[in-house]
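Observations on chain architecture
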Amino acid sequence: MRKELPGADKVFKALADPNRRKVLDLLYAENGQTLSALCEHLDMQRQSATQHIEILIDALLVTVVWKGREKLHFINPVPIYEVYERWVRKFEQNRLRLLHDLKTQLEGENHEKT
C-alpha cells in the first residue's frame, strides 16, 4: 500500500474552500501577484484574504518572494500534482484500460464482419 503524502491533509483542507481555489486560479492566470492585486478580484476584506493565503502557504500551494518592498505570491503546483498522482491517476488508469479493452473488443467484432 502507498504511504500517505506528508501534508496531504493540509492540501485537501486548502483546496476545500472556494475562496482559496479562486486565489489559486488567479495565480495560475497571472503568477507573482501582490496581496493588493489579488484582493481586487476577491469579494472579501484584506484581512480575510490574508488568512486564506496563509492557509495556502501552509499547505505549500503558494510561495512568497520579496521583491524590494513588494511581497509577491506564486502558485506551487507540486502538492496538487502529488495529490493527483496519489488519488486521481490510479483511477484514470483503470478507466482508460477499460476503454481500451472495449475499443479492442468492438474493433475485433467489426473486423470479423468484414
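So, here's what we can say about the structure. (Residues numbered from 1 in each chain as written. Predicted model: local features only at pLDDT ≥ 70, side-chain atom pairs only at ≥ 80, totals over all residues. Heavy atoms only, no water.)

**Concerning the overall build of the protein chain**
Tallying secondary structure elements over the protein chain gives five helices and two strands in all. Moving toward the C terminus, one meets the helices and strands of the protein chain in the order α-α-α-α-β-β-α. Taken across its 114 residues, the protein chain has 26% of its residues classed as buried. In the protein chain, the share of contacts with a sequence separation of at least 24, taken over all contacts with a separation of at least 6, comes to 52%. Carbon and sulfur atoms make up 55% of the accessible area of the protein chain, which totals about 8600 Å². (Helix = DSSP H or I, 4+ residues; strand = E, 2+ residues; numbered from the N terminus. Buried < 20%, exposed > 50% of the residue type's maximum accessible area, 1.4 Å probe, protein only. Contact = heavy atoms within 4.5 Å. Areas by Shrake-Rupley, 256 points an atom, 1.4 Å probe, with all protein chains shown as cover.)

**What about the packing of aromatic side chains?**
With the rule as written, the count across this model stands at two aromatic pairs. Between Phe 12 and Trp 87, the aromatic rings sit 6.5 Å apart at their centres with planes inclined by 75°, giving edge-to-face as the arrangement. One end of the pair, Phe 12, is in helix H1 (residues 8–15); the other, Trp 87, is in helix H5 (residues 78–113), with 75 residues separating them in the sequence. Among the residues examined, Phe 12 registers a relative accessible area of 39% and is labelled partly exposed. The residue whose ring lies beneath Arg 86 is Trp 87, and the NZ or CZ to ring-centre distance is 4.2 Å. (Phe/Tyr/Trp six-rings, centres within 6.5 Å; stacked < 30°, edge-to-face > 60°. Lys NZ or Arg CZ within 6 Å of the ring centre and 35° of its normal.)

**Re the environment of Thr 50**
Summarising the element assignment, Thr 50 is placed in helix H4 (residues 46–58). When the C-alpha positions of Thr 50 and Cys 39 are compared, they lie 9.1 Å apart, and in sequence the two are eleven residues distant.

**Side note on the pattern of salt bridges**
Should their charged atoms come close, side chains of opposite charge can pair. Counted under the stated rule, the structure contains three salt bridges. A salt bridge links Glu 85 to Arg 89; its shortest N-O distance comes to 3.4 Å. With Glu 85 and Arg 89 both in helix H5 and four residues apart, this pair spans about one turn of that helix. Overall, the relative accessible area of 18% leaves Glu 85 in the buried class. The partner of Glu 107 in a salt bridge is Lys 103, with the nearest N and O atoms 3.0 Å apart. Placement of the pair is Glu 107 and Lys 103 together in helix H5, with a separation of four residues, close to one helical turn. What makes Glu 107 partly exposed here is its relative accessible area of 34%. (Salt bridge = Lys/Arg side-chain N within 4 Å of Asp/Glu carboxyl O.)

**With respect to the nonpolar core**
Residues Val 23, Leu 38, Leu 42, Ala 49, Leu 56 and Leu 61 are the most contacted members of the largest nonpolar core, which totals 18 residues. Elements supplying a minimum of two residues to this core: H1, helix H2 (18–29), helix H3 (35–39) and H4. If we ignore the near neighbours within four places in the chain, the residues touching Val 23 are Leu 38, Leu 42, Ile 53 and Leu 56. (Core = buried A, V, L, I, M, F, W, Y, C linked by side-chain atoms within 4.5 Å.)

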